[in-house]
Amino acid sequence: MRSALSKSTIYILLAIGAVFMLLPFVWMLSTSLKAPNEVMAMPPVWIPSELNWDNFTEALAVAPFDRYFVNSLIVTVISTIGELVTTILAAYAFSRINFFGKNIIFAVLLGTMMVPGEVLLIPNFVTLSNLGWIDTYQALIVPWTASVFAIFLLRQFFLGVPKELSFAAKVDGCSEFRFLWYVMVPLAKPALITVALLKIINSWNAFLWPLIVTNSQELRTLPVGLSAFTTEAGIKYELLMAASTMVVVPMLILFFIMQKYIIAGVARSGLKG
Amino acid sequence: MDVHLDQLTMQFNDTTAVDSITTTIKDGELVSLLGPSGCGKSTTLMLLSGLYKPTAGDIYFGDEKVTTMDAEKRGIGMVFQNYALYPHLSVLKNIMFPLKMQKVPKKEAIQQVMEMAKLVQIDHLLDRKPAQLSGGQQQRVAIARALVKKPKLLLLDEPLSNLDARLRLEMREEIRRIQQEVGITAVFVTHDQEEALSISDRVMLMNNGVLQQENAPQQMYRKPENIFAASFLGNPPINFLTLHKTENNTYVIQGSSQTLELPSMKWQTHEAFQMGLRPEDLYTVPEEEGLFSGEIIHMETIGRDTLIRLQLGDVTVRALVDPKSRLRVGDRCSLAIEPQEVHYFDPKTGERLRGGNDNDAQANLEKHA
């Protein structure tokens, strides 16, 4: 009886949480299908009187979204691959190789996790402008090809792999690098999928950084491109929401397919991604 | 291929794990490294494998000096206590892994894997993942993986310790069978004396990093070179009595008031020595014929053996007696032993003086007298 009671309490709380999480999505979807006069109507209109699918085609015509989509894809894919490579190498070094100052360097790395990202915006910008990289793909990609969080996550995973496995691999004729590639990486697949997924989501949704380091339209990514709906005449919410829906859908699909890994990843590290 | 160790030494910070070991392991031989935990036997194996590099001394495979050669180049096979199979690979791919590293063509590799799988009798499990196998099966896979590249030397690091008692017995015989079928030189690390004595051609007994004795198993048991060897081997363990000289050939047992007479021997210039008596060599006799006597304080019958514990003064002595004897706890009992079964040790150095079935006892005597 008591457990049933506490269970129902938990479900009620979860349900309330879910409502709050889902409400913006529902609002986005409903707005994306509204006629302009219903957008700001009071009391709010939850279900549009008429489904305006035209909003979607209209939204696509406002800005070169195909270009933005390609840009987002390039940035997401390359920075994800880059992060995986640096993470695998760094995590292996921190978990398996003894080198001078290893623990200090690792502590410093962990320390950088305490620094809020916003604080880094300006120094990073200055660095990139000194490199002459402002308004280039490098600016969008390179600063995001390493993540301390990912290194930490993978290092913990690598530490859990028994030492004998590396002994066995050495005896079987593996060099250090081949052991990493043939044994450690396949073993760490769940952790790597988690790292990649969190990266893809973050990279796809990134707004502030692409906005700051790019000026030309050809380099805009989707989130930045959404600003096209903000004009001097005001914001065309129905079009903005239609475009936002299209931007968000790939991530939603990814989340539904892979949610097991995302949750496992966050739970494993006890940290937010 | 003979394996030769020359003054092999390994130090970790302040501790010497392996202390100047010199020995030769002959081609096709199965040698056990035996000793209590922390005696350096596993470290010695790691040195042989190349996973550790010695701080001093050399290792030779045949005529080739391999002291500083990396593990992956030594051409050895190794089996670990926890099997160390690759969890993400099937049995087939696990066994094939060393061949893949050598870039053996796939067709040929699969054929070699099949051969090896048949030898260790796991050819019906090739599609499974390691997690789906029992401990014994996993260890068979590990052995197959170690042997598939036809190594010159097979190293086994406590390969049976994770198995249950019956399986251990079975795998022990299997390892011996496979080793002899392949004819490979093998080094087997264990802390289990029964394992070492039953499986190997030769036992190397280690303690505190020092090689104590190396012999054929039975010989080591019959003729321990020092107190450590005598006390490590044997179950129930050997009894030690410390004797002090009183007059001529009469000695008093330390911790009790009993005296005993020993036949005159050249080496009895020692004021004191230790006498080692294996429990199974002792037998009960009427009071006046006994070497010593005491009160039975404990009796237990395990299987076909009856073990008694005898109290004489402060000393207890274990003996295996005839289960049909009508002894009871509280009885007084006298024990005797055939003179040639007694082992004598120097209490200061722990070295053997003489005893057991000593052929070269005389030589030993001259050395110590």
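Structure first, text after, so check above.
Bear in mind that the values here come from a model prediction, so they are computed numbers and not experimental data.

(A) Highlighting the pairing of strand β11 (residues 239-247) of chain B. Residue and element names in this part refer to chain B. Sheet analysis places β11 next to strand β14 (residues 272-277), joined by 6 bridges and oriented antiparallel. Its bridge partner lying in β14, L241 is registered against M275. Taken together, the 4 bridges between β11 and strand β12 (residues 250-253) define a ladder with antiparallel strand orientation. Looking at the pairing, E247 lines up with T250 of β12. In this antiparallel pair of consecutive strands, β11 and β12, the connection spans 2 residues.

(B) Spatial organisation of the interface of chain A and chain B. With 17 residues of chain A in contact, the opposing surface of chain B contributes 21 residues. Surface buried jointly by chain A and chain B totals about 1,700 Å² across both partners, of which 68% is contributed by carbon and sulfur atoms. Area buried by chain A at its contact with chain B is led by F167, V171 and D172 of chain A, which between them contribute 37% of it. Between the two partners, chain A and chain B, sit 1 salt bridge. Of the charged contacts, one joins D172 of chain A and R145 of chain B as a salt bridge, the two residues approaching to 3.5 Å between their closest N and O atoms. Applying the counting criterion to the chain A and chain B interface returns 6 residue pairs in polar contact (both at pLDDT 80 or more). Elements that contribute at least two residues to the side of chain A that touches chain B include exactly α9 (163-171) and α10 (176-187) of chain A. At 7 residues, the largest contribution of residues to the side of chain A that touches chain B is made by α9 of chain A. In terms of residue class, the side of chain A that touches chain B is made up of 11 nonpolar, 2 polar and 4 charged.

Each value, and the rule that gives it
Residues numbered from 1 in each chain as written. Chains lettered and ligands numbered in written order. Predicted model: local features only at pLDDT ≥ 70, side-chain atom pairs only at ≥ 80, totals over all residues. Heavy atoms only, no water. Pairing = 2+ DSSP bridges. Helix = DSSP H or I, 4+ residues; strand = E, 2+ residues; numbered from the N terminus. Contact = heavy atoms within 4.5 Å. Buried area = accessible area lost by both parts, 1.4 Å probe. Salt bridge = Lys/Arg side-chain N within 4 Å of Asp/Glu carboxyl O. Polar contact = N/O pair within 3.5 Å; in protein donor to acceptor, adjacent residues only side chain to side chain. Nonpolar A, V, L, I, M, F, W, Y, C, P; charged D, E, K, R; others polar.

Any functional reading would require information that these geometric values do not contain.
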